[in-house]
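# Coordinates in review
Here are the chains, one letter per residue:
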Amino acid sequence: MEETDSGAEPAIDWDSMTFSFTETDRMYIAKCKQGEDWQAGIMQDFQELRLSPAAGVINYGQGLFEGMKARRAEDGRVLLFRPELNARRAQGGSRRLGMAVVSEEMFLDAVHQVVQENIRWLPPNGRGELYIRPLIFGSGAILGVAPAPEYTFLVYAVPVGLYFKGGMNPIALKVSNEFHRAAPGGSGGVKAIGNYAPGMMPSKNAKAEGYAEIIYLDAVHHRYVEEVGAANFFCVKDNVLYTPELTGTILPGITRLSTIELARSLGYQVLETKVDIEFAMGADEAFCAGTAAVISPIGSIEHGGNVATYCDGEVGAVTKQLYDALTAIQEGRAPDPFGWTPSV
Ligand SMILES: *Cc1c(COP(=O)(O)O)cnc(C)c1O
């Protein structure tokens, strides 16, 4: 890619972008000693980190991430989506992992600065999004298994392409009979970095077999649906929506919550409950929900040799309605009665 003057349009082909890493211009960084307040964060050029080999995060995985998007509306506004919920979720995660807690105000200020100082990387309306990645981790050196003496709060951003290029494609999923994502009392309910590496090998194997992702069942009964990779699960039966209740093992997705609230506002009944995999296999529609794809239709689920197919591989009507309504709010194409989309 050709370098351009700062502030100029990057020489980037927006339409060939995928969900992959691109280095941008600027990043936010702040530090905090254990037991003290956060020092004022600064914006700096995107750069590599200096870290002690004994940093808590690389020895014991003390860290979490967040994921959120900025979008350019048709009228030029730059919209975030419920960023205060990312801030609050990160606070809960930091407490669970024994880390210094970033205030909502500091979190939102960092996100705003990162969007503003990388604004040339925000794709034009309808051509992609700026994915924002906040990180909080133990950066101080520590040898024993204990909370690190220093924490870093970092925010960077990466332009990503449209998830569904040329229309929504229902995905094929497989239930894992071998692996679980989280157990009661563990860290499944927070975006702890340590939750993700154990899912990579099962997910890679499922992809090699032609599936888009794995569905995890609960670790106690191996019967109730938990999540789809790193997205939440929904199914629709007789026009009622079902999604696994939050028991601490499931990540409380902001797309999940927004889908529930939006569906209810459209007159649907939504039940947060235990969702038996056998019930889900017999549902009319199924989809997953997360920041990356927003709402992604599920075409089929394989479980123990049986395959459930939804809507003959087409996108279900309820799934489509919710996808259209949610993305219209996120992209500023529809009124936002909920106040979900503050501008930067
Ligand atoms: C981030 C994440 C989700 C989706 O959360 P959103 O806030 O909607 O992006 C679901 N499950 C897991 C495991 C996740 O990490």
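Owing to the predicted nature of the structure, the values given are computational and were not obtained by experimental measurement.

Right, let's talk about the environment of Glu209 for a bit. Relative to the helices and strands, Glu209 resides in the loop between α4 (197–208) and β9 (213–217). With 35 residues separating them along the chain, Glu209 and Lys174 place their C-alpha atoms 9.5 Å apart.

With that settled, the discussion passes to the packing of helix α2 (residues 83–96) against helix α3 (residues 104–117). Between α2 and α3, the shortest axis-to-axis distance is 9 Å and the interhelical angle comes to 125 degrees. As far as their axial angle goes, α3 and α2 are oblique. Crossing geometry of α2 relative to α3 is assigned as right-handed. For the pair α2 and α3, the contacting residues are Pro83, Glu84, Asn86, Ala87, Arg88, Ala90 and Gln91 in the first and Glu104, Phe107 and Leu108 in the second. Classifying every residue of the contact of α2 with α3 gives 5 nonpolar, 2 polar and 3 charged.

Counting buried positions along strand β14 (residues 285–290) gives 6 out of 6 residues, so the element sits mostly inside the fold. Because side chains alternate across β14, one face comprises the buried residues Glu285, Phe287 and Ala289, and the other comprises Ala286, Cys288 and Gly290, equally buried. Note that strand β11 (residues 231–237) and β14 share 5 bridges and pair antiparallel. Opposite Val236, over in β14, you have Glu285 as the bridge partner. In this structure, β14 lies alongside strand β15 (residues 294–303), joined through 4 bridges in antiparallel fashion. Across the sheet, the residue bridging to Gly290 is Val294, located in β15.

So, about the domain arrangement of the chain. Assigned domains of the chain: these are domain 1 (14–160) and domain 2 (171–330). Computed over C-alpha atoms only, the centres of domain 1 and domain 2 are separated by 26 Å. Tallying the contact residues gives 22 residues for domain 1 and 21 residues for domain 2. Summed over both sides, the interface of domain 1 with domain 2 buries roughly 1,700 Å², with 66% coming from carbon and sulfur. Three residues stand out in domain 1 for area buried against domain 2, namely Phe65, Phe81 and Arg89, and they jointly supply 36% of the buried area on that side. The tally of links from domain 1 across to domain 2 stands at 1 salt bridge. Arg82 is the salt-bridge partner of Glu261, the closest N and O atoms lying 3.1 Å from each other. At the boundary of domain 1 and domain 2, one finds 10 residue pairs in polar contact (both at pLDDT 80 or more). For the side of domain 1 that touches domain 2, the elements supplying multiple residues, two or more each, are β3 (63–65), β4 (68–72) and α2.

This next bit is on the side chain of Glu129. Within the secondary structure layout, Glu129 lies in strand β6 (residues 128–138). On the basis of relative accessibility, which here comes to 8%, the residue Glu129 falls in the buried class. At 2.9 Å, the side chain of Glu129 and the side chain of Lys69 are in polar contact. Setting aside residues no more than four positions away along its own chain, Glu129 makes contact with Lys69, Ala70, Arg71, Leu122, Pro123, Val158, Pro159 and Val160.

Most peptide bonds adopt trans geometry, and most residues besides glycine take a negative phi value. We note that Arg82 has phi near 45 degrees; this positive angle belongs to a residue other than glycine. Secondary-structure assignment places Arg82 in the loop between β5 (78–79) and α2. On the basis of relative accessibility, which here comes to 8%, the residue Arg82 falls in the buried class.

Quick look at the side chain of Arg120 now. Position of Arg120 relative to the elements: it lies in the loop between α3 and β6. At 2.7 Å, the side chain of Arg120 forms a polar contact with the side chain of Asp25.

Glancing now at the packing of aromatic side chains. For the coordinates displayed, the defined rule picks out 12 aromatic pairs. Judged by centre distance (5.1 Å) and plane angle (75 degrees), the rings of Phe19 and Tyr131 are edge-to-face. Taken together, the residues span a long stretch of sequence, with Phe19 in the segment before β1 (26–33) and Tyr131 in strand β6 at a distance of 112 residues. We classify Phe19 as partly exposed; its relative accessible area is 46%. Ring plane angle 5 degrees and centroid distance 4.9 Å describe the contact between Phe234 and Phe287, whose orientation is recorded as stacked. Of this pair, Phe234 sits in strand β11 while Phe287 sits in strand β14, and the two are 53 residues apart along the sequence.

Calculation notes
Residues numbered from 1 in each chain as written. Predicted model: local features only at pLDDT ≥ 70, side-chain atom pairs only at ≥ 80, totals over all residues. Heavy atoms only, no water. Helix = DSSP H or I, 4+ residues; strand = E, 2+ residues; numbered from the N terminus. Axes fitted to C-alpha atoms, helices over the stretch in contact; angles between N-to-C directions. Parallel < 35°, antiparallel > 145°, perpendicular 65-115°, else oblique. Left-handed = near helix turned anticlockwise from the far one by under 90°. Contact = heavy atoms within 4.5 Å. Nonpolar A, V, L, I, M, F, W, Y, C, P; charged D, E, K, R; others polar. Buried < 20%, exposed > 50% of the residue type's maximum accessible area, 1.4 Å probe, protein only. Pairing = 2+ DSSP bridges. Domains from an automatic or database assignment. Buried area = accessible area lost by both parts, 1.4 Å probe. Salt bridge = Lys/Arg side-chain N within 4 Å of Asp/Glu carboxyl O. Polar contact = N/O pair within 3.5 Å; in protein donor to acceptor, adjacent residues only side chain to side chain. Phe/Tyr/Trp six-rings, centres within 6.5 Å; stacked < 30°, edge-to-face > 60°.

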